[in-house]
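What follows is each chain in one-letter form.
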Amino acid sequence: MYHKEIKAHENKKSCKQIIAVTMATSRQGLSVVEQLSESGKYHIRAITRNTKSTKALAIGSLPNVKLIKGDLTDQSSLKAAFKDVDVIFGNTTPTKGWKIFRGSIVRDYEIQQGLNLINEVKNAYSKGKLNHFIFSSICKPKIPLYNDPAPGHFTSKWDIEQYLENEGLSKITTIIRPVSYYENFENKIPGYSISKTIFPGIVGKDFKWQTIAVNDVGKWVNGILSRPQEYKNQSINIASEELTGAEMAKTLEKVVEDEGLKTKYLMIPRIAIKLLENDIGIMADWIERTGYGANMKELKRIQKELGIIPTSLESWLKIKLNKQKSTLNIRNNNWKVNTLNLQLDKQ
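Rules of the game
Residues numbered from 1 in each chain as written. Predicted model: local features only at pLDDT ≥ 70, side-chain atom pairs only at ≥ 80, totals over all residues. Heavy atoms only, no water. Helix = DSSP H or I, 4+ residues; strand = E, 2+ residues; numbered from the N terminus. Contact = heavy atoms within 4.5 Å. Salt bridge = Lys/Arg side-chain N within 4 Å of Asp/Glu carboxyl O. Buried < 20%, exposed > 50% of the residue type's maximum accessible area, 1.4 Å probe, protein only. Pairing = 2+ DSSP bridges. Axes fitted to C-alpha atoms, helices over the stretch in contact; angles between N-to-C directions. Parallel < 35°, antiparallel > 145°, perpendicular 65-115°, else oblique. Left-handed = near helix turned anticlockwise from the far one by under 90°. Expected span 1.5 Å × (residues − 1). Core = buried A, V, L, I, M, F, W, Y, C linked by side-chain atoms within 4.5 Å. Polar contact = N/O pair within 3.5 Å; in protein donor to acceptor, adjacent residues only side chain to side chain. Patch = residues over 30% accessible without salt bridge, like charges linked within 9 Å, V, L, I, M, F, W, Y side chains within 5 Å. Areas by Shrake-Rupley, 256 points an atom, 1.4 Å probe, with all protein chains shown as cover.

Asks: So what's going on with the environment of K219? Which residues, and what values?
Replies: Turning to its location among the elements, K219 is positioned in helix α7 (residues 215–226). In this structure, K219 is in contact with Q35, I308, I309, P310 and T311, ignoring residues within four places of it in sequence.

Asks: How would you summarise the pattern of salt bridges if you had to cite specific residues and measurements?
Replies: Tallied over the entire structure, the rule returns 21 salt bridges. For K157, the salt bridge goes to E110, with nearest N and O atoms at 2.9 Å. Of this pair, K157 sits in helix α6 (residues 152–166) while E110 sits in helix α5 (residues 107–126), and the two are 47 residues apart along the sequence. Residue K157 is classed as buried on the basis of its relative accessible area, which comes to 7%. The partner of E253 in a salt bridge is K250, and the shortest N-O contact between them spans 3.4 Å. Placement of the pair is E253 and K250 together in helix α9 (residues 245–255), with a separation of three residues, close to one helical turn. Accessibility expressed as a relative area gives 12% for E253, which makes it buried.

Asks: Can you explain the sheet that holds strand β1 (residues 17–21)? Please cite residues and give values.
Replies: One open sheet accounts for seven strands, arranged β3-β2-β1-β4-β7-β8-β12; its pairing is parallel. Of all strands in the sheet, those with a lone pairing partner are β3 (65–69) and β12 (234–238), marking the two edges. On average, each strand axis in the sheet is inclined to that of its neighbour by 20 degrees, with strand direction left out of account. As paired strands, β1 and strand β4 (residues 87–90) are joined by three bridges and run parallel to one another. If you follow V21 over to β4, its bridge partner there is F89. Of the strands in this sheet, β1, β2 (42–48), β3, β4 and β7 (132–136) are in contact with helix α2 (residues 27–39), which crosses β2 at around 160 degrees.

Asks: Explain the packing of α7 against helix α12 (residues 296–306) to me, and be specific about the residues and the numbers.
Replies: Taken N-terminus to C-terminus, the directions of α7 and α12 make an angle of 65 degrees; their axes are 9 Å apart at the nearest point. Regarding the angle of α7 to α12, the classification is roughly perpendicular. Handedness of the crossing formed by α7 with α12: left-handed. Taking contact as the criterion, the partners of W220, G223, I224 and S226 in α7 are, on α12, L299, I302, Q303 and L306.

Asks: Give a detailed account of α5, specifying residues and quantitative values.
Replies: Relative to the 28 Å expected for 20 residues at 1.5 Å per residue, α5 spans 29 Å between its end C-alpha atoms, a close match to the ideal helical length. Those residues of α5 that sit buried are Y109, E110, I111, Q113, G114, N116, L117, I118, E120, V121 and A124. Looking at the buried residues of α5, the elements they touch are α4 (75–81), β4, β5 (95–99), β7 and α6. Positive phi appears at G128, one or two residues downstream of α5, with a value of about 105 degrees.

Asks: Provide a residue-level description of the nonpolar core, including the pertinent values.
Replies: Among the nonpolar cores identified, the biggest contains 67 residues, and F199, I202, W209, W220 and Y292 are the most heavily contacted of them. No other element matches the five residues that α7 contributes to this core. The residues touching F199, leaving out its near neighbours within four places in the chain, are F185, I194, M248, A249, L252, T263, K264, Y265, L266, L313 and L317. Counting residues in hydrophobic clusters, the runner-up holds 22 residues, among them I68, L78, L117 and L169.

Asks: Quick rundown of the sheet that holds strand β13 (residues 241–244)? Include the residues and the values.
Replies: Here we have three strands laid out as an open sheet, ordered β9-β11-β13, and mixed in their pairing. Each having just a single partner strand, β9 (180–181) and β13 make up the two edges of the open sheet.

Asks: So what's going on with the side chain of E110? Residues and values would help.
Replies: Accessibility expressed as a relative area gives 0% for E110, which makes it buried. Here S156 takes part through its side chain, which lies 2.5 Å from a polar atom of the side chain of E110.

Asks: How would you sum up the side chain of T155? Please name residues and give values.
Replies: Looking at the element boundaries, T155 is found in helix α6. Residues contacting T155, with those up to four places away along its chain left out, are R107 and A150.

Asks: Can you tell me about a nonpolar patch on the surface, naming the residues and giving the values?
Replies: A cluster of nonpolar side chains, W98, I100 and F101, forms an exposed patch at the surface whose accessible area comes to about 450 Å². Mapped onto the secondary structure, I100 falls in the loop between β5 and β6 (103–105).

Asks: Can you tell me about unusual backbone geometry, naming the residues and giving the values?
Replies: Peptide bonds are, in most cases, trans, and in most cases residues other than glycine have a negative phi. In this structure, the amide linkage connecting D148 to the following residue, P149, adopts the cis form with an omega of 0 degrees. Residue position: P149 is located in the loop between β7 and α6. Positive phi values are uncommon outside glycine, yet D84 reaches one of about 65 degrees. Here D84 is to be found in the loop between α4 and β4. Look at D84 and you get partly exposed, because its relative accessible area is 34%. Of note in this structure, N233 is not a glycine but carries a positive phi near 60 degrees. Looking at the secondary structure, you find N233 in the loop between α8 (228–231) and β12.

This is the structure:
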């Protein structure tokens, strides 16, 4: 009954394409749903395991968005979610709860999601309506000769890409391959959290490191959908910045210069990273050895062509600090109100 209600809603404006977004409450999923909703051009099926979560209810209130229950680990749930869609945006995750000696990254967990996803994309395509699949993978190396050993949560996505090709879906597929997210700098390791005076990172301060805002994934999907025929059977490594750790710290220092503060780059000790999350330690080695291979010059041309304005690290940092300031002001105001109420209660 639930899926019939969604279909009835979508049919009211049948001129709009129907786009299914997997893992809609993940960071990538949220960015895609928000960008597509803002465009006003599509009906969006936001697929999530829990349609009652705070994040789900928030995106479910956006224009042209309908929540639908679905789980990449349950292939049968995807069958209903993908029924009669025109486009599918698919992403997967290796994260499965932290365990000692294992961390939270489980390669086989992501592979299984990918197999379920591709199998149901193929099934939807065979029905005749699906015409475009956008898969979010991860950036290939700058120097392929130095790729091995690559992180498990990289090779899992590349193996899913290979399975996709083997299943004959390349002709309807666009693969986007993001680099590291700015949001990953927001770790909670004591002494290594990003602040006005500290910019933390997992690589040495002089290594170039390609990065991107997670919100830019949504921009890329929206841009590709504006010219779909040109980008089917294509793969694109996507990034917004290519800076060393020292340059990133200088960027933050520039943002807070009016406060007279100095910002230093602080590398998280590699041994600590490997103890907490071994695959991230392998990733740090990989970045220093070969690095992400996005062609920054070519990306500028494509971004202009698709109307994408990439988020710079500087602008992302400004937004982050403004949010922190607003949160602090709200807390201070609440404290003042609570203090005043306490004083009045004592009178």
